[in-house]
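So the chains spell out like this:
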Amino acid sequence: MPHIATSDGRQPWRATVLTLFPDMFPGPLGVSLAGQALEAGIWTLSTVFLREFGLGRHRAVDDTPAGGGAGMVMRADVLAAAIDHARAAEPDAPLIYLSPRGEPFNQHIARELSSGPGVLLLAGRFEGVDERVIEGRAMREISIGDYVLSGGELPAMVLIDACVRLLPGVIGAAESLGEESFEQGLLEYPQYTKPRDWEGRPIPEVLLSGDHKKIAEWRRAAALRLTAERRPDLAAPAGRSPQARAKDKR
Ligand code: SAM
């Protein structure tokens, strides 16, 4: 299938979601930043309705778990047919199964995926999917956190949103992305806006000083302090980025 280029000649980033609930999309991805970018053709979204690949009169996509137990499992043969269909249109996009057992999603993975052609996402339901299709189609498993949701659609939206906001042209000031939480191995510094004094809580004086060097120093110190307090696992001893830390080790 030929892919249409954006007005500046770039290929749009393409997200394809294999799901039993295509009506859930674009959902929240159709509004605000992601929605505007979708409308502008910076990225595209398509769904593959798993039921269309289901078996028999009822278009069954699931069956009872081998070995017994509660719930149903999505069939490998049905999923493989849907994946192969989607793959034909998207030969290069990484194939990802959203799964609580997967590698934890983070900003680093969002950057990696947003710099590629797009993503092919399988949203599971029921008790999950037959292990053989995960192996047989070499799927990468990604989790959005240590909790269990009822389906992979919300995780797919989370992953897509995190990637889309990193695409060129989606967020106006590229610098603002560089200072966001996790970008430099730090949480973001506190933000303030008008009014200058709210319920007896003034904006820190330095932020109103107009001294950009001092403001940058204050923000860095605040980011370091917050990260050390809340996410010591992220913070390097001197708040150095993961890249800088990796260099230190060499
Ligand atoms: N029985 C599975 C387990 O214990 O790992 C949970 C299945 S869950 C009810 C149904 C589907 O929701 C999964 O196949 C997956 O696609 C999605 N899902 C649930 N929690 C998730 C998470 N934290 N991250 C990514 N996907 C998740």
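Owing to the predicted nature of the structure, the values given are computational and were not obtained by experimental measurement.

Student: How do you make sense of helix α2 (residues 76–89) when you look at a structure like this?
Tutor: Helical geometry note: an α-helix holds 3.6 residues per turn, so side chains three or four residues apart project in the same direction. An ideal rise of 1.5 Å per residue puts 20 Å on 14 residues; α2 measures up with 20 Å between its terminal C-alpha atoms. Among all positions in α2, only A76, V78, L79, A80, A82, I83 and A86 are buried. The inward-facing, buried residues of α2 contact β1 (13–19), β2 (43–49), β4 (73–74), β5 (95–104), β6 (118–123) and α4 (131–136).

Student: How should I be thinking about the packing of helix α3 (residues 107–114) against helix α5 (residues 153–164) in this particular structure?
Tutor: To characterise two packed helices, one gives the angle between the axes of the helices and the distance between these axes. Contact pair α3 / α5: the axes reach a minimum separation of 8 Å and the direction vectors enclose 70 degrees. For the element pair α3 / α5, the angle class is roughly perpendicular. For the pair formed by α3 and α5, the contact residues are A110, L113 and S114 on the first element and L159, A162 and C163 on the second. Class assignment of the residues belonging to the contact of α3 with α5 gives a composition of five nonpolar, one polar and no charged.

Student: Explain the side chain of S114 to me, please; I cannot follow it from the model alone.
Tutor: As for its placement among the helices and strands, S114 is situated in helix α3. Given the relative accessible area of 11%, S114 is considered buried. Non-local contacts of S114, meaning those with residues more than four positions away in its chain, are made with W13, C163, L166 and L167.

Student: When you look at the pattern of salt bridges in this model, what are you seeing that I'm missing?
Tutor: Opposite charge on two side chains allows them to pair when their charged atoms are near. Overall, the coordinates contain 16 salt bridges when judged by the stated rule. Where E141 meets R101, a salt bridge forms, and the shortest distance between an N and an O atom there is 3.1 Å. Highlighted residues: E141 in strand β7 (residues 140–143) and R101 in strand β5, separated in sequence by 40 residues. The exposure class assigned to E141 is buried, which follows from its relative accessible area of 18%. Look at R101 and you get exposed, because its relative accessible area is 53%. A salt bridge links R165 to E180; the shortest N-O distance between them is 2.8 Å. With R165 in the loop between α5 and α6 (174–178) and E180 in the loop between α6 and β8 (197–198), the pair connects residues that are 15 residues apart, well separated along the chain. The structure contains a network of salt bridges with shared partners spanning D63, R75 and D77.

Student: Help me understand unusual backbone geometry in this model?
Tutor: Glycine aside, the phi torsion of most residues is negative, and most peptide linkages are trans. With an omega dihedral of 0 degrees, the bond running from F25 to P26 counts as a cis peptide bond. Locating P26 in the fold gives a position in the loop between β1 and α1 (32–39). Positive phi outside glycine occurs at S32, with the angle close to 55 degrees. Assignment of secondary structure puts S32 in helix α1. For E199, which is not a glycine, the phi torsion comes out positive at approximately 50 degrees. Looking at the element boundaries, E199 is found in the loop between β8 and β9 (201–202). Judged by relative accessible area, which is 65%, E199 ranks as exposed.

The rules behind the values
- Residues numbered from 1 in each chain as written.
- Predicted model: local features only at pLDDT ≥ 70, side-chain atom pairs only at ≥ 80, totals over all residues.
- Heavy atoms only, no water.
- Helix = DSSP H or I, 4+ residues; strand = E, 2+ residues; numbered from the N terminus.
- Expected span 1.5 Å × (residues − 1).
- Buried < 20%, exposed > 50% of the residue type's maximum accessible area, 1.4 Å probe, protein only.
- Contact = heavy atoms within 4.5 Å.
- Axes fitted to C-alpha atoms, helices over the stretch in contact; angles between N-to-C directions.
- Parallel < 35°, antiparallel > 145°, perpendicular 65-115°, else oblique.
- Nonpolar A, V, L, I, M, F, W, Y, C, P; charged D, E, K, R; others polar.
- Salt bridge = Lys/Arg side-chain N within 4 Å of Asp/Glu carboxyl O.

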